[in-house]
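The residues making up each chain are set out below.
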Amino acid sequence: MSIKPNGLVVAVLLITAAGAAQAEDGLSWRGELRADWTQFADTTAVDDERSHPAFWASGRGKWTSADGQNSAVLEASWREDTVDASRDRTELREAWLRHEGESWHASAGIRQIFWGVVESRHLVNVINSSDFAERFDGETRLGQPLLNVGGELAGGQLDVYLLPYFREPTQPELRFRAPLPIAGALTTYTNRDGRQHRDWAFRWQRSFANIDVGLTGFQGTARDPRLTVVCDPQVLLAFGQCLPIAFAPVYEQSRQLGLDAVGVFDALQVKLEALARERGDSTKPGTGKATNLASVTGLEYTWSTPFQLDGDVGLVLEYMLDQEKTGLRTPFQKDLAAGVRLTLNDVGSTSLLALANVDMDKGTRMVSVEASTRLGEHWRLAGELWLFQAIPVLDPLSNFRDDDHLQLSVSYFF
Amino acid sequence: MRRLLLCLSLLTATAFADDRGLELARTADQRASGYKDMGADLTMVLKDKLGRESRRELAMQVLEGTSDGDRSLLRFDVPADVKGTALLTHAHSDRADDQWLYLPALKRVKRISSSSQSGSFMGSEFSYEDIKPFEVEAYSYRYLGEDKVGAETWYRLERLPVDKDSGYTRQVAWLDGKEYRWQKIEFHDRKSTLLKTLTFTGYQRYGNQWRPAQATMVNAQTGKSTVLQWQNYRFGAGLNGKDFTPEALANVD
């Protein structure tokens, strides 16, 4: 086990710990230390370890000026996996400055921006690349360098983002793998500017009484690559046949428009995320443009304090459609996700979310149960169970068949 | 004819009593209004029936409504795992409140259904409806009489929640006759038995506003209690509607 975290990230963590000990006016701090134990049901062709212990730490500090107009944020995280080195990570999640004017604001630096309203898939969320190494479900994102200017417009708020640099999503190598290894060294960009392509994005959002609406746009490097098959050169030379040995990621240019909306009707929430995208690069021959649509439609119904229970029980139902068929980009062409959420109002703020995702075409099933509860003022216990069932060979999740697992974690918050 | 007269006189008696109750509630509301905006730091100490304690700390900001209801922002500091979480509420007297929750781990602002009025607030003996700013329209009233408390005279009134999702069928509330401040409230549950008693203490004057330093909620059925303390009251900081939008919520963290 080798621990060699990036110096800057360690500095942020140490400063956070010191800051949390003596809070000052205008400064706020928080942090988390966590130990994970992941127990897999099976070994795989590339991993004969069933137990994967890992350690994780994160810290965040924020400074706000006395008039509240200027602020600065630093947030970093560090992960050490005792088995899978591809899931070790030191990450500067946020490092940015913000100014708030009378009717406008601006920020610059590395940020995390979340867009969207549904749970099963984050379709319109495009600014940050997924960090699949830290969490295989893509819920953790890489910090994105950006410039942002925003202000009031048409009763809502408009934010415009300039993204001067693209960070490739990180891929784990032992578990939660793509069907073939991803050859990072063979990564190509269809645009000659590569990672330095200047991407643009915008979001306008407004609340109309019980309905929130967001309109988003993006032009630049697609956050999810097209995966092209790499053939074994010797087999190709000797027999003229392609034996696939790896995927080479191709980052195309994408133009997309997104809509997200949520309406609240008493205990019922109706949600929609929709995306129209045009991919490819007309400046390069053989990479014609393709336009397609994707959507997630959802319902969430919440019963408050049912059966004398001090808490809420929610039912979640979401339906995913995606016309994207090429490049193994997504497993969610036609999927239904159904689940139950339990939130207790107890001293430990106990919560549980059980979700089942069924592919309506292939019959693939993904089942997850996440639960957590607090102990005392600083500790939290959490557990996650993931089952992957009936996954066909040519599916983006085909290597997940042996990755059924239970993860238990203990966190100390400060 | 005599029966009709009797009915009529009963009706007028009830109507008269209702008017008196409503009038008192309005006076109490008017006296506690006109502050424009306020902020305070809150500490809650939760005690279970064995005396074990746990703490909650949060910062609160309220923007007083004009035609529409109040807007409030709660930012959680303790326990540490919810640090950075924030709850934005746009209260409405004519429809359900609008609520958004900011989840710091995902940097996500999430619209939430606000129907869980009767649910406990952070595991305390206060429910969400207990910590909401008082709105006259939320109840119908009946004047019940006067009580001598020490040297003071307190008015006793019955408050019947209008909202069908309320966890209470009936409340009995006391206002002091001098400054019309809520002093004590008894909450009766759906079975009409006494559930909780809330007492306010340590009232202090900030400009023309009286605010309590402490509120103690005791659950008569479980023996649990919660003491809520307010510190650092701030009035007229010049907050405006822009500080209370879902877009601004992410910047609270």
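Residues numbered from 1 in each chain as written. Chains lettered and ligands numbered in written order. Predicted model: local features only at pLDDT ≥ 70, side-chain atom pairs only at ≥ 80, totals over all residues. Heavy atoms only, no water.

K.L.:
I'm lost on the overall build of chain A in this one. Help?
P.N.:
Within chain A, the regular secondary structure consists of two helices and 21 strands. A compact globule built from 414 residues would reach a C-alpha radius of gyration of about 22 Å, and chain A, at 22 Å, matches this within 12%. With the principal axes as the frame, chain A shows a C-alpha extent of 70 × 50 × 45 Å. A burial count over chain A gives 50% of its 414 residues as buried. Carbon and sulfur atoms provide 61% of the accessible area of chain A, an area that totals close to 19,100 Å². (Helix = DSSP H or I, 4+ residues; strand = E, 2+ residues; numbered from the N terminus. Rg over C-alpha atoms; globule rule 2.2 N^0.38 Å. Buried < 20%, exposed > 50% of the residue type's maximum accessible area, 1.4 Å probe, protein only. Areas by Shrake-Rupley, 256 points an atom, 1.4 Å probe, with all protein chains shown as cover.)

K.L.:
Help me understand the state of the cysteines, please; the structure alone is not making it clear to me.
P.N.:
Disulfide: a covalent bond formed between the sulfur atoms of two cysteine residues. All names here are of chain A. A complete count under the given rule lists one disulfide over all chains for this structure. What pairs with C231 in a disulfide is C242, and their sulfur atoms sit 1.9 Å apart. With the S-S bond torsion at -90°, the cross-link from C231 to C242 turns out left-handed. Highlighted residues: C231 in strand β11 (residues 226-231) and C242 in the loop between α2 (233-239) and β12 (244-251), separated in sequence by 11 residues. By relative accessible area, which is 41% here, C242 ends up partly exposed. (Disulfide = S-S within 2.5 Å.)

K.L.:
Explain the packing of aromatic side chains to me, please; I cannot follow it from the model alone.
P.N.:
To describe a pair of aromatic rings, you give the distance between the ring centres and the angle between the ring planes. As enumerated under the stated definition, the model contains 28 aromatic pairs over all chains in all. Each member of the aromatic cluster is reached from another via a ring pair, and the members are F40(A), F136(A), F176(A), W386(A), F388(A) and F400(A). The side chain of R20(B) reaches across the aromatic face of Y143(B), ending 4.5 Å from its centre. Taking the ring centre of Y35(B) as reference, the NZ or CZ of R211(B) above it sits at 5.1 Å. (Phe/Tyr/Trp six-rings, centres within 6.5 Å; stacked < 30°, edge-to-face > 60°. Lys NZ or Arg CZ within 6 Å of the ring centre and 35° of its normal.)

K.L.:
Just checking my understanding: could you explain the interface of chain A and chain B for this structure?
P.N.:
Think of interface size as the accessible area that goes away when the parts come together; that is how it is often given. Between chain A and chain B, the contact holds 48 residues from the first and 35 residues from the second. Between chain A and chain B lies a buried interface of about 3,300 Å² when both sides are counted; carbon and sulfur atoms form 42% of it. Taken as a group, R30(A), F114(A) and E377(A) account for 17% of the area that chain A buries against chain B, more than any other trio of residues on that side. Linking chain A with chain B are 25 residue pairs in polar contact (both at pLDDT 80 or more), by the criterion used here. Taken together, the elements giving at least two residues each to the side of chain A that touches chain B come down to β1 (27-40), β2 (51-64), β4 (89-100), β9 (199-208), β10 (211-221), β13 (253-265) and β15 (290-304) of chain A. Ranked by the residues each element gives to the side of chain A that touches chain B, the list is headed by β4(A), at four residues. (Contact = heavy atoms within 4.5 Å. Buried area = accessible area lost by both parts, 1.4 Å probe. Polar contact = N/O pair within 3.5 Å; in protein donor to acceptor, adjacent residues only side chain to side chain.)

K.L.:
Honestly, the pairing of strand β8 (residues 152-161) of chain B in this entry has me stumped. Any pointers?
P.N.:
The side chains of a regular strand alternate between the sheet's two faces. All names here are of chain B. As paired strands, strand β7 (residues 139-149) and β8 are joined by 10 bridges and run antiparallel to one another. Bridged to S140 within β8 is L160. Between β7 and β8, which pair antiparallel and follow one another directly, the connecting turn spans two residues, one of which, G150, has a positive phi of 60°. Here β8 runs beside strand β9 (residues 170-176); their pairing, made up of six bridges, is antiparallel. Residue E158 lies in a different strand from β9, and its bridge partner there is V172. (Pairing = 2+ DSSP bridges.)

K.L.:
Explain the nonpolar core to me, please; I cannot follow it from the model alone.
P.N.:
One broad rule of soluble globular proteins: the nonpolar side chains tend to lie buried together. Ranked by internal contacts, the top residues of the largest apolar core, which has 41 residues, are M60(B), F76(B), W182(B), L198(B), F200(B) and W230(B). In this view, F200(B) contacts W182(B), Q183(B), K184(B), I185(B), P212(B), Q214(B), A215(B) and W230(B); residues no more than four positions away in its chain are not counted. Membership of the second largest hydrophobic core comes to 29 residues, among which are F40(A), W115(A), L123(A) and V296(A). (Core = buried A, V, L, I, M, F, W, Y, C linked by side-chain atoms within 4.5 Å.)

K.L.:
Could you clarify how one ought to interpret the environment of R20(B) in this entry?
P.N.:
Structurally, R20(B) can be placed in helix α1 (residues 2-31). Each residue touching R20(B), except ones within four places of it in the same chain, is listed here: Y143(B) and Y155(B).

K.L.:
What should I look at first to understand unusual backbone geometry in this one?
P.N.:
Residues and elements named next belong to chain B. Here the bond from V78 into P79 is cis, since omega is 5°, no more than 30 degrees from zero. Summarising the element assignment, P79 is placed in the loop between β3 (71-78) and β4 (86-90). In this structure, K36 is a non-glycine residue whose phi angle is positive, near 65°. Here K36 lies in the loop between α1 and β1 (37-47).

K.L.:
Whenever I open this one, the pattern of salt bridges confuses me. Can you help?
P.N.:
Pairs can form between side chains of opposite charge whenever their charged atoms are close. All names here are of chain B. Enumeration over the complete set of coordinates arrives at 51 salt bridges over all chains. Where D98 meets R95, a salt bridge forms, and the shortest distance between an N and an O atom there is 3.0 Å. Classification of R95 by relative accessible area gives partly exposed; the value is 32%. (Salt bridge = Lys/Arg side-chain N within 4 Å of Asp/Glu carboxyl O.)

K.L.:
How should the confidence of the model for chain B be read in this particular structure?
P.N.:
Parts of the model with low pLDDT should not have their predicted coordinates read in detail. All names here are of chain B. Here chain B shows a mean pLDDT of 89. Residues at 70 or above account for 92%. Between residues 8-16, whose pLDDT stays under 50, and residues either more than four places distant or in other chains, the model counts zero contacts. As scored by the predictor, the complex reaches a pTM of 0.90 and an ipTM of 0.91. (pLDDT = per-residue confidence, 0-100.)

K.L.:
It is not clear to me how the side chain of E179(B) should be interpreted in this structure. Could you clarify?
P.N.:
With respect to the helices, strands and loops of the structure, E179(B) is situated in the loop between β9 and β10 (182-188). Leaving out residues up to four positions away in the same chain, E179(B) has contacts with R31(B), R205(B) and W210(B).

K.L.:
Looking at this model, I keep getting lost on the environment of D212(A). Mind explaining?
P.N.:
If you trace the backbone, D212(A) turns up in strand β10. A residue is classified by how much of its surface remains accessible, and D212(A), at 13% relative accessible area, is buried. Sequence separation of D212(A) and A338(A) is 126 residues, and the distance between their C-alpha atoms is 23 Å. Those residues in contact with D212(A) that lie beyond four places of it in its chain are R206(A), S207(A), D260(A), A261(A), V262(A), W100(B) and R111(B). Side-chain polar atoms of D212(A) contact the side chain of R111(B), separated by 2.6 Å.

K.L.:
Where do I start with a nonpolar patch on the surface in this structure?
P.N.:
A cluster of nonpolar residues, F208(A), I211(A), F265(A), V270(A), L299(A) and L317(A), forms a patch on the protein surface that exposes about 470 Å² of accessible area. Looking at where F265(A) falls in the secondary structure, it is placed in strand β13. (Patch = residues over 30% accessible without salt bridge, like charges linked within 9 Å, V, L, I, M, F, W, Y side chains within 5 Å.)

K.L.:
Which parts of the structure should I look at to understand the confidence of the model for chain A?
P.N.:
A residue-level look at chain A finds 92% of positions with pLDDT of 70 or above and a mean pLDDT of 91. The secondary-structure element of chain A with the lowest mean pLDDT is helix α1 (residues 7-21) of chain A, recorded at 66, while strand β21 (residues 405-413) of chain A shows the highest, at 98.

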